[in-house]
Amino acid sequence: MNIKLNGADHTLSDDASVTTLVSHITGRAVDPSGQAADGRKIGVAVARNSEVVPRSQWAATALEEGDELEIVTAVQGG
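Engineer: Please set out the nonpolar core residue by residue, giving values where relevant.
Structural biologist: Ranked by size, the top nonpolar core spans 18 residues in total, and within it Leu21, Val22, Trp58 and Leu63 carry the most contacts. When residues of this core are traced back to their parent elements, those giving at least two are β1 (2-5), α1 (18-26), β3 (44-48) and β5 (68-73). With three residues, the single largest contributor to this core is α1.

Engineer: Please give an account of the sheet that holds β5 that cites residues and values.
Structural biologist: By definition, the strands of a sheet pair up through backbone hydrogen bonds, in either a parallel or an antiparallel sense. In space, the five strands of this open sheet follow the order β2-β1-β5-β3-β4, with mixed pairing throughout. Among the strands making up the open sheet, the edge pair consists of β2 (8-11) and β4 (51-52). Note: β3 against β4, two bridges, orientation antiparallel. Its bridge partner being in β4, arginine 48 is matched across the sheet by glutamate 51.

Engineer: Describe in detail the pattern of salt bridges, supporting the description with residues and values.
Structural biologist: Under the criterion given, the structure shown has five salt bridges. Residue arginine 48 pairs with glutamate 64 through a salt bridge whose shortest N-O separation is 3.8 Å. Here arginine 48 is found in strand β3, whereas its partner glutamate 64 is found in the loop between β4 and β5, with 16 residues between them in sequence. By relative accessible area, which is 49% here, glutamate 64 ends up partly exposed.

Engineer: Give me the environment of tryptophan 58: which residues, what numbers.
Structural biologist: Of note, tryptophan 58 is situated in the loop between β4 and β5. Note: C-alpha distance between tryptophan 58 and aspartate 31 (27 residues apart in sequence) is 9.6 Å. In this structure, tryptophan 58 is in contact with Ser17, Val18, Thr19, Val22, Val30, Gly34, Ile42, Val44, Val46 and Val53, ignoring residues within four places of it in sequence.

Calculation rules
- Residues numbered from 1 in each chain as written.
- Predicted model: local features only at pLDDT ≥ 70, side-chain atom pairs only at ≥ 80, totals over all residues.
- Heavy atoms only, no water.
- Core = buried A, V, L, I, M, F, W, Y, C linked by side-chain atoms within 4.5 Å.
- Buried < 20%, exposed > 50% of the residue type's maximum accessible area, 1.4 Å probe, protein only.
- Helix = DSSP H or I, 4+ residues; strand = E, 2+ residues; numbered from the N terminus.
- Pairing = 2+ DSSP bridges.
- Salt bridge = Lys/Arg side-chain N within 4 Å of Asp/Glu carboxyl O.
- Contact = heavy atoms within 4.5 Å.

Below, the structure written as structure tokens:
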């Protein structure tokens, strides 16, 4: 399927979820609760079609053809 991620076209498998996408983008395994499998913080937030997807819903949120997603990374600093 084809989606837009942060304004750029991306192709994913037809059964992709938000968890699949986050894992692909970060290069880290993500468990069904939305936490990194290695226990470290992921530090990202996801919006699908302008709606924030709670981390607890990442695994249950299937992506669909044409979805527009934004992934933002938390950074510290001033």
